[in-house]
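Geometric and topological summary
Okay, here's what each chain looks like letter by letter:
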Amino acid sequence: QVQLVESGGGLVQAGGSLRLSCSASGSRFRINVMNWYRQAPGKQRELVATATIDGSTSYADSVKGRFTISRDNAHDTVYLQMNSLKPEDTAVYYCNIPGIVEKPGYPYWGQGTQVTVSS
């Protein structure tokens, strides 16, 4: 069993920055892929950024050049640095592991952290 705990959300003005963190804990496990998703009111959950264990990253077009995902593999933690925030970035942000090496295909989700960007 893996638990994901997120932190770092809050209220910020447009143009500001926030840094989200997500730490994984639990039984012995290895994580290849860690994701950040977000869900705005009335919209579907969307993939924002992905980081693999070998250092590869990818981003949704809407956040490219503004958001940076990074990992601390030694501590099973993933970060999302969000700069130049826009009101349309307002959403609940979720950390996700699509599966661990020991149990592939079984996803884990964090509880979500609210990010609100005011205009």
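Residues numbered from 1 in each chain as written. Predicted model: local features only at pLDDT ≥ 70, side-chain atom pairs only at ≥ 80, totals over all residues. Heavy atoms only, no water.

This paragraph deals with the state of the cysteines. What we call a disulfide is simply a covalent bond connecting the sulfur atoms of a pair of cysteines. Taken as a whole and assessed by the stated rule, the structure comprises one disulfide. Here C22 connects covalently by a disulfide to C95, the sulfurs 2.1 Å from one another. Between C22 and C95 the disulfide shows an S-S torsion of about -80°. By sign, it is left-handed. With C22 in strand β3 (residues 18-26) and C95 in strand β9 (residues 91-97), this pair connects stretches of sequence that are 73 residues apart. Across this residue pair, the class does not change: C22 and C95 are buried. (Disulfide = S-S within 2.5 Å. Helix = DSSP H or I, 4+ residues; strand = E, 2+ residues; numbered from the N terminus. Buried < 20%, exposed > 50% of the residue type's maximum accessible area, 1.4 Å probe, protein only.)

Glancing now at the nonpolar core. Counting residues in each nonpolar core, the largest one holds 31 residues, and the members touching the most others are W36, L80, M82, Y93 and I97. At the level of elements, β1 (2-7), β3, β4 (33-39), β5 (46-52), β7 (67-72), β8 (77-82), β9 and β11 (113-118) are the ones that each hand at least two residues to this core. In this structure, L80 is in contact with L18, R19, L20, W36, V48, A49, F67, T68, I69 and Y93, ignoring residues within four places of it in sequence. (Core = buried A, V, L, I, M, F, W, Y, C linked by side-chain atoms within 4.5 Å. Contact = heavy atoms within 4.5 Å.)

Now for the side chain of T50. Summarising the element assignment, T50 is placed in strand β5. Classification of T50 as buried rests on a relative accessible area of 11%. At 2.7 Å, the side chain of T50 and the side chain of N35 are in polar contact. (Polar contact = N/O pair within 3.5 Å; in protein donor to acceptor, adjacent residues only side chain to side chain.)

In total, this model carries five salt bridges according to the counting rule given. With a shortest N-O distance of 2.6 Å, R38 and E46 are connected by a salt bridge. For R38, a relative accessible area of 6% corresponds to the buried category. Residue classification places E46 among the partly exposed positions, given a relative accessible area of 33%. Among the salt bridges present, the one from R38 reaches D89, with a minimum N-O distance of 2.9 Å. Of this pair, R38 sits in strand β4 while D89 sits in the loop between β8 and β9, and the two are 51 residues apart along the sequence. Of the two residues, R38 and D89, neither departs from the other in class, the shared state being buried. When salt bridges that share partners are traced, they join R38, E46, R66 and D89 into one network. (Salt bridge = Lys/Arg side-chain N within 4 Å of Asp/Glu carboxyl O.)

Don't take any of this as a statement about function, it's just geometry.
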